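Structural characterization, general
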Amino acid sequence: MKNSVVKGILGAVAVAVAVAGVAVIAKKVIQRKRFVKGIFEEYGIKERSPFALADKIREMDEEQYQELKGKFKKEFASKCCHKNFDRKEEKFAEA
């Protein structure tokens, strides 16, 4: 009897953790989708495809390209292994 209760509790906890994980992933996907949508609106790209973005990048001068590249790097950089991610960016900017 005790083993079945423990298994039931562990199963419930596992389901709760899985649901929380899915919620966190969904939130991140929505944030990134908003970011990309904002980039398309900011640069006046009407067609929502990677090809339209590539065409716009070809039309940009070097300064605009570097600005866009920096935005993408900041948004999509992996922050899991960098405790002081924002500080590192500031140090590079100062140097």
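Just so it is clear, the structure is predicted and the values come from calculations on it, not from any experiment.

1. Things to note about the environment of Arg58
Mapping Arg58 onto the fold places it in helix α2 (residues 50–59). Only 2.6 Å separates the side chain of Arg58 from the side chain of Asp55, close enough to count as a polar contact.

2. As for the nonpolar core
The biggest cluster of nonpolar side chains holds 9 residues, and these are Phe35, Ile39, Phe40, Tyr43, Ile45, Ala52, Leu53, Met60 and Leu68. Of all the secondary-structure elements, those providing two or more residues to this core are α1 (2–42) and α2. Considering each element in turn, this core owes the most residues, 3 residues, to α1. Ignoring anything within four residues of it in the chain, the contact list for Tyr43 reads Lys56, Met60, Gln64, Glu67, Leu68 and Lys71.

3. A look at the packing of α1 against helix α3 (residues 62–76)
Between α1 and α3, whose axes approach to 11 Å, the crossing angle comes to 170°. The pairing of α1 with α3 is recorded here as roughly antiparallel in orientation. For the pair α1 and α3, the contacting residues are Gln31, Arg32, Phe35, Val36, Ile39 and Glu42 in the first and Glu67, Leu68, Lys71, Phe72, Glu75 and Phe76 in the second.

4. Some thoughts on the packing of aromatic side chains
Taken as a whole and judged by the stated rule, the model has 3 aromatic pairs. Centroid distance Phe35 to Phe72: 5.4 Å. Interplanar angle 85°. Geometry classified as edge-to-face. With a gap of 37 residues between them, Phe35 in helix α1 and Phe72 in helix α3 connect regions that are remote in the sequence. By relative accessible area, which is 18% here, Phe35 ends up buried. Residues Phe72 and Phe76 carry aromatic rings whose centres are separated by 5.8 Å and whose planes lie at 15° to one another, so their mutual orientation is stacked. With Phe72 and Phe76 both in helix α3, this residue pair falls 4 residues apart, about one helical turn. Since its relative accessible area comes to 32%, Phe76 is described here as partly exposed. Taken together through their ring pairs, the aromatic side chains of Phe35, Phe72 and Phe76 make up a single cluster.

Cut-offs and rules
Residues numbered from 1 in each chain as written. Predicted model: local features only at pLDDT ≥ 70, side-chain atom pairs only at ≥ 80, totals over all residues. Heavy atoms only, no water. Helix = DSSP H or I, 4+ residues; strand = E, 2+ residues; numbered from the N terminus. Polar contact = N/O pair within 3.5 Å; in protein donor to acceptor, adjacent residues only side chain to side chain. Core = buried A, V, L, I, M, F, W, Y, C linked by side-chain atoms within 4.5 Å. Buried < 20%, exposed > 50% of the residue type's maximum accessible area, 1.4 Å probe, protein only. Contact = heavy atoms within 4.5 Å. Axes fitted to C-alpha atoms, helices over the stretch in contact; angles between N-to-C directions. Parallel < 35°, antiparallel > 145°, perpendicular 65-115°, else oblique. Phe/Tyr/Trp six-rings, centres within 6.5 Å; stacked < 30°, edge-to-face > 60°.

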